[in-house]
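# Coordinate inspection notes
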Amino acid sequence: MRYIPEPYRIKMVEPIRMLTRPEREKRLEEARYNVFNIRSDDVYIDLLTDSGTGAMSDRQWAGMLMGDEAYAGARGYFKVQDAVKEIFGYAFAQPVHQGRAAEQVLFPSLIKPGQVVISNTHFDTTRAHVELAGGRPMDLVSPEATDTLHFAPFKGNMDVVALEQLLAEKGAESVGLIIMTITNNSAGGQPVSIENIRATRAIADRYGVTMILDAARFAENAWFIKQREPEFKDSSIRDIILETFRNADAFTMSAKKDAIVNMGGLIGVRDNPSLVEKVKKLTVPYEGFITYGGLAGRDLEALAIGLYEGIEENWLKFRVGQMEYLGARLQEAGIPFQSPVGGHAVFLDAKALLPHIPYNLFPAQALTLELYLEGGIRACDIGSFMLGNDPATGKQLESTFEFCRLAIPRRVYTQAHLDYIVDVLTDIKARAGTLGGYRITWEPPVLRHFTAHLEPVC
Ligand SMILES: *Cc1c(COP(=O)(O)O)cnc(C)c1O
């Protein structure tokens, strides 16, 4: 497979440093074998997340200098409004400081306490804000999503048969909201088709339920649609985005993903003045006055520019091309991963690579730690270590998947970095049978994977 060269050239660099093997061993021990406790300065290639870790362009930095820091009526606010009107076709945009703030501000206006909220898969902060608004989150992802070995073009889709059944059973009043996550982050960055979005919309209309998009990776989703959904093979990315958003009533967005800013978020409302008023009313106490919404004026400029840069076809072709290149090289090297690759990450299948390590000794965490030891690479566990214990029994839950996620920051790493990652994994594979598991020595009651302490099991 031919690598698509970076559609940019470098004019500012940030040095990175490789520690020696003994230093890495020491750092990992000091970090209690938890990669969230490692300093970024001690990491050579950081694949922990693609959120807020992208590189801004010269144009975005120029925009930062032009930022208007007025408390009310800042220029950047109007640029964001114009960009949202043009790109998404929505009448109103509320900037906020990040995606979860959009959820906090919007959900109380859409969810009544006790109502069920249905998503193809809730992102973890989305799930938390549904619960904080009194809702009961429920995931209905297409059954194809759980088959990691076989290709399906749209593994992020909503299970529309189950959705219809649920609405018919429970009745429309008990369902507050439908949230379509594009791409489906928790299902591995897998895309959702327009056909599925339209089918979900039709069901929402039939039962009179509001439908919104959780649109952090809307541009990657549009790129996949162009490649994989025959109806759109000749459509522009712009038209695919318009068609996607036409089917929803509103959206929440973390701009730290496809809008390529280090901090920012948006709420979009298509055409609903009373909802706009509710959003403005809650923005003021939570985020600040509506024309800055928790951001500096310069951040609004960078966001307005990033929205356009993130939807350029050449950029998206390269971006998804990087994941596909990494996938192709891993395949050649016989390293198992979830197929097809996602739009923002490749998920290594640690269960297949390390079958001798049982789930309760955390194979994906073992692979994550080995990547740091061997190559100074920081990834993260998306498996039993992240899943945690059953709240009722306190017993370790067994995850369906043991993934080690390699999330690729936008415009940060080059082909050589990707080749290096494959080389490191190839070395690890050659002695995979000698790797051991890890046990937890301390853990907090919730979201333990961020802070838990571990030790190697010899
Ligand atoms: C990142 C993300 C969020 C939350 O956004 P933050 O900017 O991290 O607060 C919500 N939904 C999805 C799908 C995301 O990827």
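Residues numbered from 1 in each chain as written. Predicted model: local features only at pLDDT ≥ 70, side-chain atom pairs only at ≥ 80, totals over all residues. Heavy atoms only, no water.

## Things to note about the layout of surface pockets
- Roughly 1700 Å³ of volume is contained in the second largest pocket.
- Lining the second largest pocket are 39 residues, with Met12, Ala55, Met56, Arg411 and Val412 positioned closest to its centre.
- Examining the composition of the lining of the second largest pocket, we find that 3 residues originate from one element, helix α2 (residues 58-65), more than from any other.
- By residue class, the composition of the lining of the second largest pocket is 17 nonpolar, 10 polar and 12 charged.
- Built from parts of two domains, the lining of the second largest pocket gets at least three residues from each of domain 1 (21-50 + 312-456) and domain 2 (59-309). (1 Å grid on protein atoms, 1.4 Å probe; cavity = no way out; pocket = protein on both sides within 12 Å on 5 of 7 lines; lining within 4 Å. Points joined across faces, edges and corners; volume = space filled by probe spheres on them. Helix = DSSP H or I, 4+ residues; strand = E, 2+ residues; numbered from the N terminus. Nonpolar A, V, L, I, M, F, W, Y, C, P; charged D, E, K, R; others polar. Domains from an automatic or database assignment.)

## Topic: the packing of aromatic side chains
- One pass over the full model with this rule turns up 20 aromatic pairs.
- Residues Tyr3 and Tyr325 carry aromatic rings whose centres are separated by 4.9 Å and whose planes lie at 80° to one another, so their mutual orientation is edge-to-face. With Tyr3 in the segment before α1 (21-30) and Tyr325 in helix α12 (residues 313-332), the pair connects residues that are 322 residues apart, well separated along the chain.
- In this structure Tyr3 comes out as buried when scored by relative accessible area, which is 11%.
- Note on Tyr90 and Phe245: the rings are 5.9 Å apart at their centroids and 75° apart in plane angle, and the pair reads as edge-to-face. Separated by 155 residues along the polypeptide, Tyr90 in the loop between α3 (75-88) and β2 (92-96) and Phe245 in helix α9 (residues 237-246) bring together distant segments of the chain. Across the pair, exposure class does not vary: Tyr90 and Phe245 are buried alike.
- Through successive ring pairs, a cluster of aromatic residues spans Tyr3, Tyr8, Trp315, Phe318 and Tyr325.
- In this arrangement the basic side chain of Arg411 is found over the ring face of Trp315, its NZ or CZ atom lying 5.9 Å from the centre. (Phe/Tyr/Trp six-rings, centres within 6.5 Å; stacked < 30°, edge-to-face > 60°. Buried < 20%, exposed > 50% of the residue type's maximum accessible area, 1.4 Å probe, protein only. Lys NZ or Arg CZ within 6 Å of the ring centre and 35° of its normal.)

## Here we look at the site of the ligand
- Not every one of the 15 residues close to the ligand is listed here, only the nearest: Gln98, Arg100, Asp214, Ser254 and Lys257.
- With respect to the ligand, the side chain of Ser254 contributes an N or O atom lying 2.7 Å from an oxygen atom.
- At 2.8 Å from an oxygen atom of the ligand is found a side-chain nitrogen or oxygen belonging to Lys257.
- Bound to the protein, the ligand loses 98% of the 380 Å² it would expose on its own. (Near = heavy atom within 4 Å. Polar contact = N/O pair within 3.5 Å; in protein donor to acceptor, adjacent residues only side chain to side chain. Areas by Shrake-Rupley, 256 points an atom, 1.4 Å probe, with all protein chains shown as cover.)

## Looking at the pattern of salt bridges
- Enumeration according to the criterion identifies 32 salt bridges in this entry.
- The residue Asp42 makes a salt bridge to Arg27 at a minimum N-O spacing of 2.7 Å. With Asp42 in the loop between α1 and β1 (45-46) and Arg27 in helix α1, this residue pair connects regions lying 15 residues apart in the sequence.
- On the basis of relative accessible area, Asp42 is assigned to the buried category, the value being 7%.
- A single network of salt bridges, built from pairs that share partners, joins Asp50, Arg217, Glu220, Asp258, Arg319 and Arg410. (Salt bridge = Lys/Arg side-chain N within 4 Å of Asp/Glu carboxyl O.)

## Structural notes on the sheet that holds strand β4 (residues 136-139)
- Taken in spatial order, the 7 strands of this open sheet run β2-β8-β7-β6-β5-β3-β4, and their pairing is mixed. The open sheet is flanked by β2 and β4, the only strands paired with a single partner. On average, each strand axis in the sheet is tilted by 20° relative to the strand beside it, whichever way the strands run.
- Examined bridge by bridge, strand β6 (residues 210-214) and strand β7 (residues 250-254) share 3 bridges and lie parallel to one another. Opposite Ile212, over in β7, you have Ala250 as the bridge partner.
- Sitting on the sheet, α3 touches β2, β7 and β8 (265-269), and the angle it makes with β2 is about 125°.
- Of the strands in this sheet, β5 (175-181) and β6 touch helix α7 (residues 194-207), which is tilted by about 175° from β5. (Pairing = 2+ DSSP bridges. Axes fitted to C-alpha atoms, helices over the stretch in contact; angles between N-to-C directions. Contact = heavy atoms within 4.5 Å.)

## Considering the sheet that holds strand β9 (residues 345-349)
- Spatially, the 3 strands line up as an open sheet ordered β9-β12-β11, and their pairing is antiparallel. Two strands in the sheet have a free side with no partner beyond their single neighbour: β9 and β11 (380-382). Taking each pair of neighbouring strands and ignoring which way they run, the sheet shows an average axis angle of 35°.
- Strands β9, β11 and β12 (403-407) of the sheet are contacted by helix α14 (residues 363-375), whose axis makes an angle of about 40° with β12.

## A look at the domain arrangement of the chain
- Domain annotation for the chain reports domain 1 (21-50 + 312-456) and domain 2 (59-309).
- Counting residues at the interface gives 24 residues for domain 1 and 29 residues for domain 2.
- Taken together, the two surfaces of domain 1 and domain 2 that pack against each other cover about 2200 Å², and 53% of this comes from carbon and sulfur.
- The interface formed by domain 1 and domain 2 includes 5 salt bridges.
- Across the salt bridge formed by Arg319 and Glu220, the nearest N and O atoms sit 2.9 Å from each other.
- In this structure, the connection of domain 1 to domain 2 is made through 12 residue pairs in polar contact (both at pLDDT 80 or more).
- If you list the elements that add at least two residues to the side of domain 1 that touches domain 2, you get α12, β9 and β12.
- Across the side of domain 1 that touches domain 2, the residue classes break down as 9 nonpolar, 5 polar and 10 charged. (Buried area = accessible area lost by both parts, 1.4 Å probe.)

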